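Secondary and tertiary structure notes
So you can see what is in the structure, the chains are spelled out below.
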There are 2 protein chains.
Amino acid sequence: MNESYFDEFEAPNRLLLGAGPCTVHPRVLRAMTQPVVGHLDPLFFQIMDDVCEMLRRVFHTENYVTMPISATGTGAMETACVNILERGDTAIVCRNGYFGVRLADIAERCGANTVMVDSPWGEPADLNALEDALKANPGTKMVGLVHAETSTGAITPLQHAIDMAHRYGALVVVDAVTSLGSHEVRVDDWDIDVCYSASQKCLGAPPGLAPISFGERAMDAINKRSTRVESFYFNLQGVAEYWNETQRVYHHTSPITMTYAMRESLRMMMEEGIDQRHARHAHVAAGLRAGLAAMGLELTTAEDYQLNPITVVKSPEGIDEAAVRGRLLNDYNIEVSGGLGEFRNRVWRIGMMGEGARESNVLSVLSALEMILADSGYEVAFGASVAAAQRSFANNGIAS
Amino acid sequence: MNESYFDEFEAPNRLLLGAGPCTVHPRVLRAMTQPVVGHLDPLFFQIMDDVCEMLRRVFHTENYVTMPISATGTGAMETACVNILERGDTAIVCRNGYFGVRLADIAERCGANTVMVDSPWGEPADLNALEDALKANPGTKMVGLVHAETSTGAITPLQHAIDMAHRYGALVVVDAVTSLGSHEVRVDDWDIDVCYSASQKCLGAPPGLAPISFGERAMDAINKRSTRVESFYFNLQGVAEYWNETQRVYHHTSPITMTYAMRESLRMMMEEGIDQRHARHAHVAAGLRAGLAAMGLELTTAEDYQLNPITVVKSPEGIDEAAVRGRLLNDYNIEVSGGLGEFRNRVWRIGMMGEGARESNVLSVLSALEMILADSGYEVAFGASVAAAQRSFANNGIAS
């Protein structure tokens, strides 16, 4: 029988440079030691209002219905679909990676006739194919797009796709799990109908909450449903009545401590400035890419569509990718992620997200990777990748 | 524009004596300041195994599929229903309070033909009416029972109901949100098919996780489904593949920090002893009830069916119940809960749960209530209720 729970758990200081969670700043961890208050305590209502207001700034929206869902990013994905879709509706989902596959899966579970628009992993969504699908499926209720495909490292520029979907009368659901806080996500200017993210990536909090924002067009569609939403937990009307400052109707017991953490992580983003945070992610990612190129490693995504918070690198022929990750973790205390789905056993996913997006972390992971790859028989010029990253940082000139 | 987020949040030391969340021990809060590790880190797998093993002890089960859902108690309720029920199945739900109403609502959203067995709020479920409903609905797939109705303070003895449901071939889903950790819940001995709870009540962690356990009969039914589970997030097969120590397939990013908290709160329960914790809750509740009786206040539930973790008191005629709660909170820093549903504006719900179930808290809330009621024109003999509680504690003789 397992009795390891007799010991106090002492977590090591892992450098979390994978696909999330990312390393959380001590200020955010400390916020979680604040005494728990009740979910109907007026003091907590103020915390809720603060979080909503800061989330609106991060999403660049005035949408009133903007708040965190009491679940992880996948829960927000389900919240979007289960509220927008009714059985028999048509949904078109652009699939260019693992999370597009997941979004389509959820739309299907909601009973939607789900049309897939596939493009190769590593590429952005195929907008010509999307237009064909919209033409072929008049009355499509929802188009689902993944802004930042965490599984491939590709970003899909959204404006053209959103306008197209709207021309065909469809609502647009955007997965911004990995982009929010590192790339610009402008819900109002771009006219996104539903946009969601997650706490543990570029927002810098632990995993467990998932911000979401619903625009007017989406709220109209929800109000006009002819059937009940099939989930109680993710039923937007119930959730929103609790978050609405004039209602505060109990829906479920809010994760108080996680909400403290999210407030503090958002405060840190406000202090830094949203644009500055985006610039920091771009700066750090450029250095990482320069270093990886100097090591002769290839990325899965073309330069024009590279995400900043996550860089997906092909593991070289003949190298056991899992063994390299194991040594990074065990010998260097650095976590990077492996591949999902099609990319399983073929890539490393290096995340530079939130608090983790720092020059020093780029230099750490590159130098460790040089050591391990050299030891695995891959030809490495010691220091070359670090030097390339340093030159990138020096030329860019923004300290981080 | 709201800019209160510029300030650091300083939570007061509320004494949380409502329906949950309850006051969390500093050891549990401190556990959340441990550095975040990845959800696929072998170190986290050990944390997961520890949590599962301790949950099995608390549930008194050897069920392999026993783990926390990444949501609050309502999410676990939905997990039970959405995995067991398929559209067109029949579910019978015993409704003797707000959470029975919620369970029936969720069963309906899952597309089940849902039969309600109602009994008056404050009473246990009506087992004669349940038998009538089982007879009238052959082939019923699931019977839903709320062990501890947090809204009314009533406990429903389960063994007879479970045996009856099984005689009619139905699976039994038990809501133990408020009872687990304060009353005996014996999943294996009583032959419960699905049992769930929540982190923030008698388990003593912050809100945000919900333990659940599935027995063999329930797993068989899930494996034999002819349709897909309509939720991805709560799809048991996916969740269980991540928690299964031989699989560890990514399903969603686990709420790492909350899992640290749950492990520490369960460790504290192991240290105290499960039976001792139950005895503490009984001891403390007896003192509270003696004090309330001495104040001339009536409970909503007859003596035989009184829950220990929560005591539901009728607010006296002519007293503004919300004003009394407001003064408790603002003048004494004590939170008690108001009524839900039928009991709205008619009761106070005083919780003595987990770390909050202490003699000292009983004395605090009684003496504060004496002050406020006296000031509201209700006749109070100062000290009488405190004395009654003290005598109860002294006679019982167990320190807490």
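Our subject in this report is the structure included herewith.

Definitions and cut-offs
Along each chain, numbering runs from 1 in the same order as the chain's sequence is written. As a convention, the first chain written is A and the first ligand written is 1, with the rest following in written order. Owing to the predicted nature of the model, reporting of local features is limited to residues with pLDDT of at least 70; listing and counting of side-chain atom pairs is limited to 80 or more, with chain, interface and lining totals taken over all residues. Heavy atoms from the whole structure form the basis of all side-chain values; hydrogens and water molecules are not counted. Counting from the N terminus, the helices are DSSP H or I runs at least four residues long and the strands are E runs at least two residues long. What the globule rule says is 2.2 Å times the number of residues to the power 0.38, and the radius of gyration is computed from C-alpha atoms. Any residue under 20% of the maximum accessible area for its type is buried, any over 50% is exposed, and the rest in between are partly exposed; the area is computed with a 1.4 Å probe on protein chains only. The contact rule is simple, with two residues in contact once any of their heavy atoms fall within 4.5 Å. Here the rule is simple: two strands pair whenever DSSP picks up at least two bridges between them. Axis lines are fitted to C-alpha atoms, over the contacting stretch for helices. Their N-to-C directions set the angle, which ranges from 0 to 180 degrees. Any angle between 65 and 115 degrees counts as roughly perpendicular, while under 35 counts as roughly parallel, over 145 as roughly antiparallel, and the rest as oblique. Helix crossings get a hand from a simple test, with the near helix turned counterclockwise from the far one by less than a right angle marking a left-handed crossing and a clockwise turn marking a right-handed one. When residues are grouped by polarity, Ala, Val, Leu, Ile, Met, Phe, Trp, Tyr, Cys and Pro land in nonpolar, Asp, Glu, Lys and Arg in charged, and all others, Gly among them, in polar. Lys and Arg are tallied as positive, Asp and Glu as negative. Neither His nor the chain termini are counted. Each reported salt bridge corresponds to a side-chain nitrogen of Lys or Arg within 4 Å of a carboxyl oxygen of Asp or Glu. Pairing of N or O atoms within 3.5 Å defines a polar contact, subject to two protein rules: one partner must be a possible hydrogen donor and the other a possible acceptor, and residues neighboring in sequence count only if both atoms are side-chain atoms. For this overlay, a least-squares fit was computed on C-alpha atoms, restricted to residues scoring pLDDT of at least 70 in both copies. Aromatic rings from Phe, Tyr and Trp, with only the six-membered ring used for Trp, were paired whenever their centres fell within 6.5 Å, and each pair was classed as stacked if the ring planes differed by under 30 degrees, edge-to-face if by over 60, and tilted otherwise. Patches here are clusters of residues that have more than 30% relative accessible area and form no salt bridge, with a 9 Å joining cutoff for like charges and a 5 Å cutoff for nonpolar side chains (Val, Leu, Ile, Met, Phe, Trp, Tyr). Residue exposure ignores everything except the shown protein chains as possible cover, and the areas themselves are Shrake-Rupley values with a 1.4 Å probe. Disulfides are defined as cysteine sulfur pairs within 2.5 Å. Once two parts are put together, the accessible area they lose, assessed with a 1.4 Å probe and summed over both, is termed the buried area.

1. Examining the overall build of chain A
Across its full length, chain A carries 14 helices and 14 strands. Relative to the 2.2 N^0.38 estimate, which gives 21 Å for 400 residues, the radius of gyration of chain A is 21 Å and therefore close to what a compact globule would have. Each principal axis of the C-alpha distribution contributes one length, and for chain A these read about 65 × 55 × 55 Å. For chain A, the proportion of its 400 residues judged to be buried stands at 67%. Across chain A, every contact between residues at least 6 apart in sequence was considered, and the portion connecting residues at least 24 apart equals 72%.

2. Thoughts on the sheet that holds strand β5 (residues 142-146) of chain B
Residue and element names in this part refer to chain B. Read across the open sheet, the seven strands follow the order β2-β10-β9-β8-β5-β3-β4; overall the sheet is mixed. In the strand order of this sheet, the two ends are held by β2 (65-69) and β4 (113-118), each with one partner. Neighbour-to-neighbour, the strand axes of this sheet turn through a mean angle of 15 degrees, independent of strand direction. Alignment of strand β3 (residues 90-95) against β5, held across three bridges, turns out to be parallel. By the bridge assignment, I92 is partnered in β5 with V143. Along the sheet, helix α3 (residues 73-84) contacts β2, β5, β8 (171-175), β9 (194-196) and β10 (210-214); its crossing angle with β10, the most-contacted strand, is approximately 25 degrees.

3. Side note on the packing of α3 of chain B against helix α4 (residues 98-109) of chain B
Residue and element names in this part refer to chain B. Viewed as axis vectors pointing N to C, α3 and α4 meet at an angle of 45 degrees, and their least axial separation amounts to 9 Å. Looking at the two axes, α3 sits oblique to α4. The hand of the α3/α4 crossing is right-handed. In contact with T74, M77, E78 and C81 of α3, α4 contributes F99, R102, L103, I106 and A107. Residues of the contact of α3 with α4, tallied by class, amount to six nonpolar, one polar and two charged.

4. A look at the side chain of E370 of chain B
All names here are of chain B. Within the secondary structure, E370 sits in helix α13 (residues 359-375). Of the side chains with opposite charge, R391 comes closest to the buried, unpaired E370, at an N-O distance of 9.7 Å. At 3.3 Å, the side chain of E370 and the backbone nitrogen of A384 are in polar contact. If sequence neighbours within four positions are ignored, E370 has contacts with M295, V380, A381, F382, G383, A384, S385 and V386.

5. Some words on the relation of the copies chain A and chain B
For the match of chain A to chain B, the screw axis carries a shift of 0.0 Å, the RMSD comes to 0.0 Å, and the turn is 180 degrees. Accordingly, the operation relating the two chain copies is best matched by a two-fold axis. For chain A, the smallest separation between a C-alpha atom and the rotation axis is recorded for A71 of chain A, amounting to 2.9 Å. An overlap of 100% is found between the interface residues of chain A and their copies at the interface of chain B, pointing to a shared contact surface.

6. Let's talk about the pattern of salt bridges
Two side chains that carry opposite charge are able to pair once their charged atoms sit near each other. All names here are of chain A. Under the defined criterion, the tally for this structure stands at 52 salt bridges over all chains. One salt bridge in this structure joins R109 and D105, with 2.6 Å as the shortest N-O distance. On the criterion of helical spacing, the pair formed by R109 and D105 is a turn pair, its members being four residues apart in helix α4 (residues 98-109). Looking at R109, the relative accessible area reads 10%, which means it is buried. With a closest N to O distance of 2.7 Å, R186 and D189 form a salt bridge. A single network of salt bridges, built from pairs that share partners, joins R27, E264, R267 and E271.

7. Some remarks on the packing of aromatic side chains
Applying the stated criterion across every chain, the model contains 17 aromatic pairs over all chains. Between W121 of chain A and F343 of chain A the ring centres are 5.3 Å apart and the planes differ by 70 degrees, which places this aromatic pair in the edge-to-face class. Of the two residues, W121 of chain A is situated in the loop between β4 (113-118) and α5 (127-136) and F343 of chain A in the loop between β13 (337-338) and β14 (347-351); the sequence distance between them amounts to 222 residues. Through pairs of rings, three or more aromatic residues link up here, namely Y233 and F234 of chain A together with Y233 and F234 of chain B.

8. Brief notes about the sheet that holds strand β13 (residues 337-338) of chain B
Residue and element names in this part refer to chain B. Read from one edge of the open sheet, three strands run β11-β14-β13, paired in antiparallel fashion. Taken across any chain shown, the strands that pair with only one partner, and hence form the sheet edges, are β11 (310-314) and β13. One ladder, built from two bridges, connects β13 with strand β14 (residues 347-351); its direction is antiparallel. Each bridged residue has a counterpart across the sheet, and for G338 the counterpart in β14 is W348. Of the strands in this sheet, β13 and β14 touch helix α12 (residues 321-332), which is tilted by about 35 degrees from β14.

9. Brief notes about a nonpolar patch on the surface
Residues and elements named next belong to chain A. Together, Y332, M371 and F382 make up a nonpolar patch on the protein surface, roughly 320 Å² of accessible area in all. By secondary structure assignment, the location of Y332 is in helix α12 (residues 321-332). According to the relative accessible area criterion, Y332 is partly exposed, its value standing at 33%.

10. Examining the side chain of E78 of chain B
Mapped onto the fold, E78 of chain B is located in helix α3. The side chain of E78 of chain B sits in the buried core without any salt bridge; R109 of chain B is the nearest counter-charge, 6.7 Å away. Among all residues touching E78 of chain B, those that are not within four sequence positions of it are S231, F232 and Y233 of chain A together with I106 and F234 of chain B.

11. Regarding the state of the cysteines
Residues and elements named next belong to chain A. Within the structure shown, the criterion is met by zero disulfides over all chains. Of the cysteine sulfurs around C52, a residue in no disulfide, the closest is that of C195, at 15 Å. For C52, a relative accessible area of 5% corresponds to the buried category. Lacking any disulfide linkage, C195 is separated from the closest cysteine sulfur, that of C202, by 13 Å.

12. Here we look at the pairing of β10 of chain B
Residues and elements named next belong to chain B. Judged by how many residues are buried, β10 sits mostly within the fold: five of five residues are covered. On β10, burial covers both faces: A210, I212 and F214 on one face and P211 and S213 on the other are all buried. Relative to β10, β2 runs antiparallel, the two being bridged by five bridges. Counterpart to P68 in the pairing with β10 is P211.

13. Section: the packing of helix α2 (residues 42-59) of chain A against helix α10 (residues 256-272) of chain A
All names here are of chain A. Relative to each other, α2 and α10 sit at 45 degrees, their axes nearing to 9 Å. With respect to α10, the axis of α2 lies oblique. The element α2 and its partner α10 pack so that their crossing is left-handed. Across the interface between the two elements, F44, I47, D50, V51, M54, L55, R57 and V58 of α2 pack against I256, T259, Y260, M262, R263, L266, R267, M269 and M270 of α10. Class assignment of the residues belonging to the contact of α2 with α10 gives a composition of twelve nonpolar, one polar and four charged.

14. What to know about the interface of chain A and chain B
Listed per partner, the contact involves 79 residues of chain A and 80 residues of chain B. For the pair chain A and chain B, the summed buried surface comes to about 6,800 Å²; carbon and sulfur atoms form 56% of the total. If you sort the residues of chain A by the area they bury against chain B, Y5, F9 and R109 of chain A come out on top, with a joint share of 12%. R87 of chain A is paired through a salt bridge with E230 of chain B; the nearest N and O atoms lie 3.2 Å apart. Counting residues per element, the ones that place at least two in the side of chain A that touches chain B are α2, α3 (73-84), α4 and α10 of chain A. Looking at the side of chain A that touches chain B, the element that brings in the most residues is α2 of chain A, giving nine residues. When the residues that make up the side of chain A that touches chain B are grouped by side-chain class, the tally is 36 nonpolar, 22 polar and 21 charged.

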